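# Chain and residue survey
Residues per chain, in single letters:
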Amino acid sequence: MFSFHRPETLAGWLKQEESLAGRFHDLPRLSPEGLRDCQYNAIKNLEESFRNNRPKALVQMATGAGKTFTAITEVYRLLKFANAKRILFLVDTRNLGEQAETEFINYIPQDENRKFPELYVLQRLQSAYIPTNSQVCISTIQRLYSILKGEELDETKEMSLYETEWKPKEPLPVVYNPEIPIEFFDFIIIDECHRSIYNLWKQVLDYFDAYLIGLTATPDKRTYGFFNQNVVSEYSHEDAVADGVNVGYEVYTIETEITKEGAKLEAKEYVDVRNRLTREKRWTQLDEDLAYSPRQLDKDVVNVSTIRSIIRTFRDKLREIFPLREEVPKTLIFAKTDSHADDIIQIVREEFNEGNAFCKKVTYKAEEDPKSVLAQFRNEYNPRIAVTVDMIATGTDVRPLECLLFMRDVKSRSYFEQMKGRGTRTYGFEDMKLRSPSIRTAKTHFVIVDAVGVTKSVKTDSRPLERKRSVPLKALMEGVMLGARDEDTFLSLAGRLARLDKQMEKEDKEEFSRLAGGKTLTRVIHLLLNPFDPDKVAEEMERSTEQADFETVRQQMIDRAKAPFNAALIRHVEEVRKNIEQVMDNINIDRILFAGWDKDATARAEETVKEFREFLEKHKDEITALSIFYDQPYRRRELTYKMVKEVLTVLKKEKPLLAPHHVWGAYSLLDQTDAKSPVSELTTLVSLIRRVTGLDQTLTPYDKTVDRNFRQWVFKKQEGAAVKFNREQMDWLRMIKDHIATSIHLDRDDLDNAPFDAAGGIGKMYQLFGDETQKIMDELNEVLVA
């Protein structure tokens, strides 16, 4: 930590600080209206932290629990009641900044009927200028750094910090900017503060003398340490699921031979070799054996058979994973690279025999505007499947999403939790039905389809930097340009450029020199190496006319090494790098080793069934319908729609997560049946009660039970009888059967309603069956539900 000289007098600043701190005690009582309990508690505890003059506070809330809404509510209270002058909402990607801006724009306080921008000046920073009248500023931390340095920022730099391969070991240097004094912001809210921004950007945060508020769903040890372990809210995913704020998930595993063991291409085999970026192919013969590991798959070697095997199995197993569905549930596929995403999309379209609208790419390099695709994915029927690398892996809401297909592994625990968070959002039945017409309930859970062992691989608290091959050349150059000063970055870049030097044409080297300010590629490589060679530093000290120490000279050499790198030079080197090629393995045919529910899914299904059984046992003496099923089977003829509705009402009130269709899914897994659930929640509930009470030994749809009992009744009635039912009588009996299959019970009054009224109503039934009418109704009410 370091400090800057303050332009104001110390006494004036202290007076300002005391005034701000004093206003925390004057904040009015917070009303819980319009807030979830977790949001109310977070704001209440945060304000208590302010009163205790704690400069940093951490708000941990599960993904989907409303962190941004909580933060905006507190921003409103600070502006209105604590007389805060200016508040910064800090994000690390442009995508998150745009999303936060939308939430601010739509926010209406409980004590106002106007939206937030009508009350306070809101500004999302998109240039090097901060309007002085802004009361709330939204910015990426990259842009804030560039503003402090007085520089314009290329928007492409406002992408995911967490996923970038470059992470320098030293904080980026920050100098005092009189246009942006350190007291410019009273409060800074850091969204998604669990990410690896502290080594990169800590001094940007330290620059300002402001209260820091962190928002995250997945804090790690660094996050707790940065916020001085002052956690004002702890609300886990499990808490959110229990409260109905989030939905839980199940894991379905697809395992192939090559994703588990890798494969080998023999020498002299003819293979395709593909350019990574242009995707042009050429036919060549291997000089030597090429063995590749699962980690190299889809990076150094592409095996189309592996991708096809996974996608085909996913397609074929959809009815097992989502047994109630006609269309493909909204699915997000996580790919390893942009090129991998292109391969996946092509094969998805082929295997599902669908057009371009069915499956689309949502990445920073997508040909179609990713914002437009994301909006379609959220709000329209198509696309059913989206493929991403990291653009919507974190912080982006897609509420209709029901399936996450992992075709890439992730080593960071926090990042994996964030990726899972894309599926946790709840969504109501009507909204879901607009996007997935065959769904029969609100969103109750989501499914992770694990095709690479991501749910089983070892996770670490922070994503470690994997050097050498896995660090893109572009990322290394951008790191140096943006301020990296560590040895590993410089030496890695020097080695990469040295290899590239042997591949570049004369014209490419001349263009490099022009863009590098006249320095040749060889000279730039030496500039990168020299600061970390003690002999070279000593030689520079001898040549220098200044009396500078070793470290000062070394830092000057680092500055000279950084100077040639600019956006145009980086683009040129990337164009040259397009010649890097991938081997296409069209020889080894992959095969599926396993496709089935993860053992944890079986355990969760058992727990769901157990909880449902306990609910029925608890209420069997209180609710009429349950007492009939458990203890009074002779009374099943009396079972009515209203009685079963009572069971459903109590179930939803006491156990909202035990939705009948969800319990049906659990039983389907345990009974290993693909029987479809009845359309109606009530008839689904009747089938489940019959299964629990032992009337059915396996899960059986209620309408199938009624059909079976009806056939047996008709056969028995007509067996040996002098009079057979004629066609018109059978039509009426089938109408009664269908009515009981959907409405549980038939009353005399039902005969005056559809479909009976169109066939003549109760009068017609008496005409057909005479004095046997009431007897037949009683028998069918009893026999069909037996």
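In what follows, the accompanying structure is described. (Residues numbered from 1 in each chain as written. Predicted model: local features only at pLDDT ≥ 70, side-chain atom pairs only at ≥ 80, totals over all residues. Heavy atoms only, no water.)

### A short note on the pairing of strand β16 (residues 385-388)
What you see with β16 is no split at all: I385 and V387 on one side and A386 and T388 on the other are buried throughout. Sheet topology places strand β14 (residues 331-334) next to β16; 4 bridges connect them, and they run parallel. Pairing of L332 across the sheet is with A386, part of β16. Across 3 bridges, the pairing between strand β15 (residues 359-361) and β16 is parallel. Residue pairing for β16: K360 is matched across the bridge by A386. (Buried < 20%, exposed > 50% of the residue type's maximum accessible area, 1.4 Å probe, protein only. Helix = DSSP H or I, 4+ residues; strand = E, 2+ residues; numbered from the N terminus. Pairing = 2+ DSSP bridges.)

### Quick look at empty space enclosed by the protein
Empty space among the atoms becomes apparent when a probe as large as a water molecule is rolled across them. The tally for this structure, following the rule as stated, stands at 5 cavities of 30 Å³ or more. For the second largest cavity, the calculated volume is near 50 Å³. What lines the second largest cavity is T259, L297, D298, T306, I307, I310, K336, H340, M407 and V452. Broken down by element, the residue count for the lining of the second largest cavity peaks at 3 residues, all from helix α11 (residues 304-316). Its residues placed into classes, the lining of the second largest cavity shows 5 nonpolar, 3 polar and 2 charged. (1 Å grid on protein atoms, 1.4 Å probe; cavity = no way out; pocket = protein on both sides within 12 Å on 5 of 7 lines; lining within 4 Å. Points joined across faces, edges and corners; volume = space filled by probe spheres on them. Nonpolar A, V, L, I, M, F, W, Y, C, P; charged D, E, K, R; others polar.)

### Details of a negative patch on the surface
A cluster of acidic residues, D37, E238, D239 and D243, forms a negative patch at the surface. Examined against the element boundaries, E238 turns out to sit in helix α9 (residues 237-242). What makes E238 exposed here is its relative accessible area of 57%. (Patch = residues over 30% accessible without salt bridge, like charges linked within 9 Å, V, L, I, M, F, W, Y side chains within 5 Å. Areas by Shrake-Rupley, 256 points an atom, 1.4 Å probe, with all protein chains shown as cover. Salt bridge = Lys/Arg side-chain N within 4 Å of Asp/Glu carboxyl O. Lys, Arg positive; Asp, Glu negative; His and termini not counted. Charge placed at Lys NZ, Arg CZ, Asp CG, Glu CD.)

### Describing the packing of helix α27 (residues 660-671) against helix α28 (residues 681-693)
Orientation of α27 relative to α28, taken along the N-to-C sense of each, is 40°, at an axis distance of 9 Å. Accordingly, the angle class assigned to the pair α27 and α28 is oblique. Both α27 and α28 take part in a crossing whose hand is left-handed. Contact residues: α27 offers P660, H661, V663, W664, Y667 and D671, while α28 offers E681, T684, L685, S687, L688, R691 and V692. Classifying every residue of the contact of α27 with α28 gives 7 nonpolar, 3 polar and 3 charged. (Axes fitted to C-alpha atoms, helices over the stretch in contact; angles between N-to-C directions. Parallel < 35°, antiparallel > 145°, perpendicular 65-115°, else oblique. Left-handed = near helix turned anticlockwise from the far one by under 90°. Contact = heavy atoms within 4.5 Å.)

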